[in-house]
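The chain contents come next:
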Amino acid sequence: MNTAVLQFPGSNCDEDAVKAITQTTGKPAELVWHTAEDLSAFDLIIVPGGFSYGDYLRSGAIARFSPAMSAVREAAERGAYVLGICNGFQILTEAGLLPGALRRNESLQYRCAIVPLTVVRADTPFTSGYTTGEEIYIPIAHGDGNYYVDDATLALMEQRGQILFRYAKEHNPNGSVDDIAGVMNERGNVLGMMPHPERAMHEWLGSADGARLFASILTTWRNAHEHANA
Amino acid sequence: MDAQYKAAIHVTLKASVLDPQGAAVTKALHALGYQDVQDVRVGKFIEVALAAADETSARDAVARMCEQLLTNPVIESYTYELTELTV
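Note that the coordinates shown come from a computational prediction; the quantities given were computed from them, not determined experimentally.

Observations regarding helix α2 (residues 67–77) of chain A
Residue and element names in this part refer to chain A.
Then, in step 1: Looking at α2, one finds that the buried residues are Ala 68, Met 69, Ala 71, Val 72, Ala 75 and Ala 76. Summarising the axial view, the buried residues of α2 lie within an arc of 155 degrees, below the 170-degree limit, and thus occupy one face. Exposed residues pointing more than 90 degrees away from the buried face of α2 are listed as Glu 74 and Glu 77.
Then, in step 2: Tucked inside the fold, the buried residues of α2 contact β1 (3–7), β2 (29–33), β3 (44–47), β4 (81–85), α3 (87–94) and β11 (190–193).

Next up, the structure:
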């Protein structure tokens with residue numbers, strides 16, 4: 001499994017994402033500058049957190065027009081896995097690869113904390129290492145994490161099982177509709193989430209619950225490829 | 001020769017989308033004694049100077065800019081005034 005971690009001017013969780021991949025999966029991960037036009041060599045593309053282009057205009061609004069984002073769209077169409085974390089999630093919604101948008105937190109405060117999440121579905125490429133309904137702890141660090149989607153789209157997303165993570169009851173840190181913390185595309189190969197699994201890799205970091213997300217992707221990839229080669 | 005235009009673009013969150021900044025400003029105005037304030041929406045003001053063959057093509061360009069980059073149509077709406085600059 002080959003992983004690309006995109007770097008935009010202002011990305012700051014890129015190195016953490018590379019370490020998360022190499023330490024949990026033992027597979028290579030490469031930093032790829034946002035001007036890259038070809039991502040066909042990669043099975044997983046991580047759009048990391050940070051403040052691409054200084055969050056000017058809107059978070060993710062300018063980064064979505066980078067050449068690499070056209071390549072991400074192509075990769076998603078051929079079935080590669082795409083994971084957008086925090087600013088990466090904002091970029092994926094701006095690019096229309098995921099539904100909805102991220103507004104300013106309801107409190108207007110930047111929120112930085114380890115929060116409890118509920119795993120809504122454990123039968124996806126990204127969550128197979130968890131159990132459905134499990135409570136996990138993953139850090140958040142954002143000012144624009146207030147997920148919005150209109151009622152009709154939300155109902156459709158529920159029906160299609162596109163919601164993978166919710167903030168645990170009474171722990172919604174930002175005002176997101178339906179306590180949504182992470183959503184997947186309809187096809188099931190693009191995930192965006194505000195919490196940072198790459199910052200929850202060891203107990204001494206406060207939680208090791210994020211590691212299983214990366215391990216899940218590797219397991220899914222391995223199953224698909226070992227069957228294909230058998 | 002192209003004419004020069006200035007577009008004054010106002011971007012706000014759609015009426016159906018809760019505006020956390022507007023809500024905070026409403027509360028602050030109430031606290032200052034402006035009890036008659038019923039609602040506040042906080043948005044952005046963007047000024048674009050552009051050259052275009054005529055008003056129609058200028059309007060067309062501004063609308064496309066708004067849809068593509070300047071606003072996020074999922075949560076925001078916009079209005080604009082276009083002025084032709086006399087040289």
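More follows now that the structure is in view.
Comments concerning the sheet that holds strand β1 (residues 3–13) of chain B
Backbone hydrogen bonds hold the strands of a sheet together, and the pairing may be parallel or antiparallel.
All names here are of chain B.
Then, in step 1: Judged by pairing direction, the sheet is antiparallel, and its 3 strands sit side by side in the order β2-β1-β3 without closing on themselves. Every other strand in the sheet has two partners, leaving β2 (44–52) and β3 (76–85) as the edge strands with one partner each. Recorded for the sheet is a direction-independent mean angle of 20 degrees between the axes of neighbouring strands.
Then, in step 2: Where β1 lies against β2, 9 bridges are found, and the strand directions are antiparallel. By the bridge assignment, His 10 is partnered in β2 with Phe 45.
Then, in step 3: Running at roughly 150 degrees to β3, helix α2 (residues 55–70) makes contact with β1, β2 and β3 of the sheet.

Some words on the packing of aromatic side chains
Residue and element names in this part refer to chain A.
Then, in step 1: The final tally for this structure, using the stated rule, is 3 aromatic pairs over all chains.
Then, in step 2: Plain terms: the ring middles of Tyr 81 and Phe 126 are 6.0 Å apart, the flat faces sit at 80 degrees to each other, and that makes the pair edge-to-face. Taken together, the positions of Tyr 81 in strand β4 and Phe 126 in the loop between β6 (111–119) and β7 (135–142) put the pair 45 residues apart, joining distant regions of the chain. With respect to burial, Tyr 81 and Phe 126 carry one shared label: buried.

Quick notes on a negative patch on the surface
Then, in step 1: A contiguous patch of negative charge, built from Glu 37, Asp 38, Glu 74 and Glu 77 of chain A, is present on the exposed surface.
Then, in step 2: Relative to the assigned elements, Glu 77 of chain A resides in helix α2.

Some remarks on the side chain of Ser 59 of chain A
Residue and element names in this part refer to chain A.
Then, in step 1: You can see Ser 59 is positioned in the loop between β3 and α2.
Then, in step 2: Among the polar contacts made by the side chain of Ser 59, one reaches the side chain of Asp 55 at a distance of 3.4 Å.
Then, in step 3: A polar contact of 2.8 Å, which involves the side chain of Ser 59, links it to the side chain of Asp 144.
Then, in step 4: Beyond its immediate sequence surroundings of up to four residues, Ser 59 is in contact with Asn 87, Gln 90, Glu 94 and Asp 144.

Some thoughts on the nonpolar core
Taken as a class, soluble globular proteins show a tendency for nonpolar side chains to be buried jointly.
Then, in step 1: With 70 residues, the main nonpolar core has Leu 6, Leu 83 and Phe 165 of chain A as its most contacted residues.
Then, in step 2: If you look at the next biggest cluster of nonpolar residues, it comprises 15 residues, including Ile 46, Ala 52, Val 62 and Leu 82 of chain B.

Some thoughts on the layout of surface pockets
Then, in step 1: Here the largest pocket defines a volume of roughly 440 Å³.
Then, in step 2: Lining the largest pocket we find 24 residues, and of these Leu 57, Arg 58 and Arg 104 of chain A together with Lys 44 and Glu 76 of chain B sit closest to its centre.
Then, in step 3: For the lining of the largest pocket, the secondary-structure elements that each account for two or more residues are α3 and β5 (101–103) of chain A together with β1 and α1 (20–31) of chain B.

Description of the sheet that holds β3 of chain A
Residue and element names in this part refer to chain A.
Then, in step 1: Judged by pairing direction, the sheet is mixed, and its 9 strands sit side by side in the order β2-β1-β3-β4-β11-β10-β9-β6-β7 without closing on themselves. Edge positions in the sheet fall to β2 and β7, since each of these pairs with one other strand and no more. Across the sheet, the axes of successive neighbouring strands diverge by a mean angle of 25 degrees, strand direction being ignored.
Then, in step 2: When β3 meets β4, the two strands line up parallel, connected through 4 bridges. Paired with Val 47 across the bridge in β4 is Gly 84.

A word on α1 of chain B
Then, in step 1: Helix length check: α1 of chain B (12 residues) gives 17 Å between terminal C-alpha atoms against 16 Å at 1.5 Å per residue, within 8%.
Then, in step 2: Three or more residues of α1 of chain B are buried, namely Pro 20, Gly 22 and Thr 26 of chain B. Angular distribution of buried residues about the axis of α1 of chain B spans 165 degrees; they occupy a single face of the element.
Then, in step 3: Those residues of α1 of chain B hidden inside the fold are in contact with β8 (146–148) of chain A together with β1 of chain B.
Then, in step 4: Within two residues after α1 of chain B, Gly 33 of chain B carries a phi angle of roughly 100 degrees, on the positive side.

What to know about the pattern of salt bridges
All names here are of chain B.
Then, in step 1: What the rule picks out here adds up to 13 salt bridges over all chains.
Then, in step 2: Salt-bridge contacts for Glu 47 lead to Lys 6; the nearest nitrogen and oxygen are separated by 3.9 Å. Remark: Lys 6 occurs in strand β1 and Glu 47 occurs in strand β2; sequence separation between them is 41 residues.
Then, in step 3: Given a relative accessible area of 49%, Glu 47 falls into the partly exposed group.

Thresholds applied
- Residues numbered from 1 in each chain as written.
- Chains lettered and ligands numbered in written order.
- Predicted model: local features only at pLDDT ≥ 70, side-chain atom pairs only at ≥ 80, totals over all residues.
- Heavy atoms only, no water.
- Buried < 20%, exposed > 50% of the residue type's maximum accessible area, 1.4 Å probe, protein only.
- Helix = DSSP H or I, 4+ residues; strand = E, 2+ residues; numbered from the N terminus.
- Arc of directions from axis to C-beta.
- Contact = heavy atoms within 4.5 Å.
- Pairing = 2+ DSSP bridges.
- Axes fitted to C-alpha atoms, helices over the stretch in contact; angles between N-to-C directions.
- Phe/Tyr/Trp six-rings, centres within 6.5 Å; stacked < 30°, edge-to-face > 60°.
- Patch = residues over 30% accessible without salt bridge, like charges linked within 9 Å, V, L, I, M, F, W, Y side chains within 5 Å.
- Areas by Shrake-Rupley, 256 points an atom, 1.4 Å probe, with all protein chains shown as cover.
- Salt bridge = Lys/Arg side-chain N within 4 Å of Asp/Glu carboxyl O.
- Lys, Arg positive; Asp, Glu negative; His and termini not counted.
- Charge placed at Lys NZ, Arg CZ, Asp CG, Glu CD.
- Polar contact = N/O pair within 3.5 Å; in protein donor to acceptor, adjacent residues only side chain to side chain.
- Core = buried A, V, L, I, M, F, W, Y, C linked by side-chain atoms within 4.5 Å.
- 1 Å grid on protein atoms, 1.4 Å probe; cavity = no way out; pocket = protein on both sides within 12 Å on 5 of 7 lines; lining within 4 Å.
- Points joined across faces, edges and corners; volume = space filled by probe spheres on them.
- Expected span 1.5 Å × (residues − 1).

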